[in-house]
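What follows is each chain in one-letter form.
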Amino acid sequence: MFSGPPADPATPIPPTTSAGSVPRPGEIPGRATAPSPSGRSWTAPLLLGAAGVLALLIALFGPGLMARGTGELRIPGAGLTTVLRTVLFAALALHLGELVAPQLIRPVRGRPRTAVRSWAVFASLAGAAAAAGQIVRLAAVSDLGITETYGTREGGLLLLIANGLVLAALCAGSKRPVLALAPLAVVIGAEALRAHPEAYSPEFGAALTVVHLTAASLWTGVLLYVLRTMWLWRGSPVAARALLGRYARLAIWLYVALAATGTASTLRRLPLDVVFTSAYGRTLLLKLALMAVVSMLALAARRRMLRDTDPAVAHRLARREQVVLGLVVVVSAVLTVVPDPHWISLRP
């Protein structure tokens, strides 16, 4: 994994071979040899794999565990729905990140002329498949045909989301990938409407969700793109540090938008008397705990970035931030699946 940029070839390096020793084939006398691939640390891949398994377990069993003992109705196929919604949210983040992050990269002076490979087409197609999977699940649960499911409010919005993501994938594969912003905006709007079918001020809730989902997708997607670019630029630490600094300034505004809309949505949707006794309240508390961890990692990365000229430590902290953000995406998907807590509230 990323462990700092390689040494500048112009910088003198003390000899590592002893007097009279014969260099190995391909080894330059008087120059340090790079560590062999077999010495690579497997800690980071193992931790990443563990985080992936944890995310899958949260998606599959989270809704049921959060609703245990609350008296709320069991939602059929809640685990599968959460997995599909996680894929949808991840697709939005990846595609939006690839559209916005290059705007942070272009002003960086002395940057390498290399760019990371695009994942936008694959991400949007995966998101479209996840939306289609939700339509099939809705049809099975409702005992309706696929065509009849399209006629329902949720089925129609999911169809709009799936078509919007397919169109975004086509735009991403064209000569003008920025055109994908339009269908992605439609997808976010449709998802916001789908998530707020309640009778009490659904328009206000949908507007909050549009801002919240956009900010969350940008935070997650842009950070991933920046980390991939920094790895590609590991031989240019000055440019990598400058890029991370530009992302940090954007992340501050995204954090403010997330905090404001998240607080407003919570006050609007979650009665205080069911914070600990509803699946929605318990899931929200877990999300807040994870966001606190993300905040601490982001602050730590920013401090190290300002203190050190080598971005290696800040990059490592930002990678951890990205992993926890991935868990936040999963918990957010759980939050959209659990029941609305108003019906079990003691308030009139």
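Our structure's up above, just so we're on the same page.
Being a predicted model, the structure only gives us computed values, none of them experimental.

Caption draft 1: Region of interest: the overall build of the protein chain. Broken down by element type, the protein chain carries 10 helices and zero strands. In sequence order, the secondary structure elements of the protein chain are arranged as α-α-α-α-α-α-α-α-α-α. Considering only residue pairs separated by 6 or more positions, the protein chain has 77% of its internal contacts joining residues 24 or more positions apart. Summed over its atoms, the accessible surface of the protein chain is roughly 18300 Å², and 69% of this surface lies on carbon and sulfur atoms.

Caption draft 2: Summary view of empty space enclosed by the protein. Going through the model one piece at a time under the given rule, you end up with one cavity of 30 Å³ or more. As for the largest cavity, its lining consists of Leu94, Gly97, Glu98, Trp119, Gly221, Leu224, Tyr225 and Arg228. Of all elements in the fold, only helix 2 (78-105) and helix 7 (202-232) reach the threshold of two or more residues within the lining of the largest cavity. The element that contributes the greatest number of residues to the lining of the largest cavity is helix 7, accounting for four residues.

Caption draft 3: Fine view of the nonpolar core. Ile161, Leu184, Trp219, Leu243 and Tyr247 are the most contacted members of the largest nonpolar core, which has 76 residues in total. Among the elements that take part in this core, helix 10 (residues 312-335) stands out by supplying 13 residues, more than any other. The residues contacting tyrosine 247, other than those within four sequence positions of it, are Leu104, Trp219, Val222, Leu223, Val226 and Glu321.

Caption draft 4: Just helix 6 (residues 181-194), in detail. If you check helix 6, its first and last C-alpha atoms are 20 Å apart, about what 14 residues at 1.5 Å a residue would give, namely 20 Å. All of the buried residues along helix 6 are Pro183, Leu184, Val187, Ile188, Ala190, Glu191, Ala192 and Arg194. Buried residues belonging to helix 6 abut helix 2, helix 5 (153-172) and helix 7.

Criteria and thresholds
- Residues numbered from 1 in each chain as written.
- Predicted model: local features only at pLDDT ≥ 70, side-chain atom pairs only at ≥ 80, totals over all residues.
- Heavy atoms only, no water.
- Helix = DSSP H or I, 4+ residues; strand = E, 2+ residues; numbered from the N terminus.
- Contact = heavy atoms within 4.5 Å.
- Areas by Shrake-Rupley, 256 points an atom, 1.4 Å probe, with all protein chains shown as cover.
- 1 Å grid on protein atoms, 1.4 Å probe; cavity = no way out; pocket = protein on both sides within 12 Å on 5 of 7 lines; lining within 4 Å.
- Points joined across faces, edges and corners; volume = space filled by probe spheres on them.
- Core = buried A, V, L, I, M, F, W, Y, C linked by side-chain atoms within 4.5 Å.
- Buried < 20%, exposed > 50% of the residue type's maximum accessible area, 1.4 Å probe, protein only.
- Expected span 1.5 Å × (residues − 1).

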